[in-house]
Amino acid sequence: MIGGEILSFWDFLTDETEDEKRATKQKLKPMNLMVNGFSSGVENNKFTVEQVLSIPSAKACCDIIVNSIKTLPIELYEIKSEGVIERVLNDYRLNLLNDKPNIIATGNDFKEKLARDILLHGNAYVEVVKDKNTIKGVWNVDPTKITIRKLANKQNPILIEDVIINISGSSINFSLEDFIICTNNSEDNGLTGKGVIARGGKTIELALNEIELSKNLMKNGSVLNGIIYYDKALSQEAKINLKNGWNKLYSGSDSAGKTAILENGLKYDKLSYSPNELGLTASRSKTTSDMCNLFNVPEQMIEASANTYGSVESMSIRFLQYSVSPILAIIESSLNRSLLLEKEKGSFFFKFNTDDIIKTTQAERYQTLKMGIDGGILSQNEARLKENLPPVPDDFIKLSLGAVMYYPDKRQLFVPNMSTVFSSDSNEIISSPELAKEKLLNKDINTLSENNKKLKQNEGEDKENEKLNVDD
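Residues numbered from 1 in each chain as written. Predicted model: local features only at pLDDT ≥ 70, side-chain atom pairs only at ≥ 80, totals over all residues. Heavy atoms only, no water.

Structural notes on the overall build of the protein chain
When you go through the protein chain residue by residue, the secondary structure sums to 13 helices and 18 strands. Looking at the protein chain as a whole, 32% of its 472 residues qualify as buried. Restricting the contact set of the protein chain to residue pairs at least 6 apart, pairs at least 24 apart contribute 54%. With an accessible surface of roughly 30200 Å², the protein chain has 52% of that area assigned to carbon and sulfur atoms. (Helix = DSSP H or I, 4+ residues; strand = E, 2+ residues; numbered from the N terminus. Buried < 20%, exposed > 50% of the residue type's maximum accessible area, 1.4 Å probe, protein only. Contact = heavy atoms within 4.5 Å. Areas by Shrake-Rupley, 256 points an atom, 1.4 Å probe, with all protein chains shown as cover.)

So this is what it looks like as structure tokens:
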């Protein structure tokens with residue numbers, strides 16, 4: 001107890017003063033929602049991004065998710081008639097999202113900021129700069145600088161009539177059409193959300209305390225941690241001199257392993273504060289596991305000793321399903337809502353290509369493509385496209401009857417072992433050896449019939465000529 005205030009053990013492990021604590025709290029200003037003129041405070045994050053990412057396990061989890069997402073290309077698809085889906089290749093919005101979102105950032109920068117804000121804050125905001133219906137650029141905005149005011153229906157406060165968005169330091173108010181809004185764990189219909197920082201306060205606090213404790217043990221610790229006894233009373237000045245002299249000779253990591261020499265009846269009783277004896281090592285291991293659970297990342301991707309999966313592929317599939325896909329789905333739905341024209345909605349959609357996440361060795365990729373081709377799932381050119389190879393003429397889909405080729409452009413089926421071509425529209429044989437024989441036979445019969453007709457005609461003419469000669 002100091003000055004009537006009870007201090008915990010952790011209070012001795014920080015150099016932060018009360019003035020610094022108050023200054024830190026003043027910097028953490030809450031983001032408010034205005035509903036019909038009344039302010040409703042939204043719970044602010046207790047820790048900053050810098051504090052969270054100073055935790056090695058948290059930074060590793062964040063980086064592995066964000067770096068996986070930022071390298072994935074965003075693609076655009078169109079739903080044609082009869083449910084046929086075609087990839088759109090030449091849409092200018094794809095260049096904005098993947099290559100040049102604005103005059104400064106790259107596509108990787110844009111997607112990295114988007115994924116990181118969703119993961120850590122639960123909110124990601126992107127200003128969309130338009131010229132009528134044409135999008136000129138997209139700009140990431142720091143979620144902590146966004147203020148949202150909701151205008152509710154007076155008769156029914158649940159119904160929101162309008163939303164006004166303001167960026168800190170700007171005098172311009174924006175509408176929903178000016179922003180792409182991505183939220184996770186939202187409690188206000190998708191305007192704000194909660195990320196890892198808001199949901200994992202206790203885990204983050206424990207991890208920061210463990211780091212602070214380790215730092216102080218390394219800074220002030222020594223193998224000679226203990227109590228010095230003396231059987232006579234010492235003056236205050238002597239106590240200070242003894243303490244300073246001891247710390248100068250034996251404190252700090254540089255003094256580890258030194259031998260202490262005591263004089264004049266001094267006795268030393270060792271007190272152990274090693275990380276293992278304090279349980280710090282086991283505690284940090286548990287905190288690492290809890291941090292992986294908080295980020296929803298397989299622990300073996302951070303800690304190799306925790307590997308329980310039979311293969312890298314199964315671990316990658318788990319990572320894709322539970323760690324990355326939820327964030328991808330949030331981004332995709334937000335892009336569909338904000339970047340598609342009203343007439344395009346329902347017929348077009350944006351989607352991330354996730355092949356790179358589960359990409360394995362070249363032999364495994366080729367085996368997977370072969371299975372797709374043999375099963376009639378992929379055409380030859382679709383498989384080549386996945387390996388960034390140019391298409392070949394006469395693309396076909398291989399079907400299961402021996403080796404049946406389907407030509408989508410001609411809508412024809414070719415069975416090589418029967419040398420037969422079918423029409424997929426009429427189910428009729430277009431050409432086959434039997435049909436060729438039949439046509440040849442019909443041709444021969446027709447030729448013979450014509451010859452017989454000519455022969456009979458000639459015989460009739462001869463008889464007529466003979467009759468004329470007799471009459472003469």
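Picking up after the structure, the text goes on.
Notes on the nonpolar core
If you look at the biggest cluster of nonpolar residues, it comprises 53 residues, and the most contacted ones within it are I69, L119, I180, F295, L335, L339 and F350. No other element matches helix α10 (residues 312-339), which puts 9 residues into this core. Dropping the residues within four chain positions of it, I69 is found in contact with K111, A115, V324, I327, L328 and F352. Judged by nonpolar contacts, the second largest core, of 11 residues, contains I148, I167, F174 and L191. (Core = buried A, V, L, I, M, F, W, Y, C linked by side-chain atoms within 4.5 Å.)

With respect to the packing of aromatic side chains
Across all of its chains, the model carries 2 aromatic pairs by this definition. Ring centres 5.6 Å apart and planes at 20° place the aromatic pair Y77 and F349 in the stacked group. Within this pair, whereas Y77 is found in strand β3 (residues 74-79), its partner F349 is found in strand β13 (residues 348-352), the two being separated by 272 residues in sequence. The interplanar angle of 75° and the centroid separation of 5.5 Å between the aromatic rings of F174 and F179 together place this pair among those described as edge-to-face. Here F174 and F179 have matching classes, each one buried. Looking at K410, its charged tip hangs above the ring of Y407, at a distance of 5.6 Å from the centre. (Phe/Tyr/Trp six-rings, centres within 6.5 Å; stacked < 30°, edge-to-face > 60°. Lys NZ or Arg CZ within 6 Å of the ring centre and 35° of its normal.)

Focus on the sheet that holds β13
Ordered by their spatial adjacency, 3 strands build an open sheet running β4-β3-β13, and the pairing between neighbours is antiparallel. Taken across any chain shown, the strands that pair with only one partner, and hence form the sheet edges, are β4 (85-88) and β13. If you compare each strand with its neighbour and ignore which way they point, the axes differ by 35° on average. Relative to β4, β3 is paired through 4 bridges, and the arrangement is antiparallel. Paired with E78 across the strands is E86, a residue of β4. (Pairing = 2+ DSSP bridges. Axes fitted to C-alpha atoms, helices over the stretch in contact; angles between N-to-C directions.)

Points about the state of the cysteines
In this structure the tally under the stated criterion is 0 disulfides. There is no disulfide at C62, and the cysteine sulfur nearest it, in C61, is 8.7 Å away. Judged by its relative accessible area of 0%, C62 falls in the buried class. Its sulfur unpaired, C292 is 3.9 Å from the next cysteine sulfur, which belongs to C61. (Disulfide = S-S within 2.5 Å.)

A look at the layout of surface pockets
One number sums up the size of the largest pocket: a volume of about 2000 Å³. Taken together, 49 residues form the lining of the largest pocket, with R87, L378, E382, L385 and K386 sitting closest to its centre. Among the elements of the structure, β3, β4, α4 (92-98), β13, α11 (362-374), α12 (380-386) and β15 (404-407) are those that each provide at least two residues to the lining of the largest pocket. (1 Å grid on protein atoms, 1.4 Å probe; cavity = no way out; pocket = protein on both sides within 12 Å on 5 of 7 lines; lining within 4 Å. Points joined across faces, edges and corners; volume = space filled by probe spheres on them.)

Some words on the packing of helix α3 (residues 56-70) against helix α5 (residues 107-120)
Two elements in contact, α3 and α5, have axes whose closest approach is 8 Å; the angle formed by their N-to-C orientations is 140°. In terms of axis orientation, α3 runs oblique to α5. Like other packed secondary-structure pairs, α3 and α5 cross with a definite hand, here right-handed. Contacts between α3 and α5 pair C62, D63, I65, V66, I69 and K70 from the former with N108, K111, E112, A115, R116, L119 and L120 from the latter. Looking at side-chain class alone, the contact of α3 with α5 contains 7 nonpolar, 1 polar and 5 charged residues. (Parallel < 35°, antiparallel > 145°, perpendicular 65-115°, else oblique. Left-handed = near helix turned anticlockwise from the far one by under 90°. Nonpolar A, V, L, I, M, F, W, Y, C, P; charged D, E, K, R; others polar.)

A look at the sheet that holds strand β18 (residues 429-431)
Remark on secondary structure: sheet strands pair via backbone hydrogen bonds, oriented parallel or antiparallel. Strand order in this open sheet of 5 strands is β14-β15-β16-β17-β18, and the pairing throughout is antiparallel. Both outer strands of the open sheet, β14 (397-399) and β18, are each paired with one neighbouring strand and no more. Adjacent strand axes in the sheet meet at a mean angle of 30°, parallel and antiparallel pairs treated alike. Relative to β18, strand β17 (residues 420-423) runs antiparallel, the two sharing 2 bridges. For V421, the partnering residue across the bridge sits in β18 and is S431.

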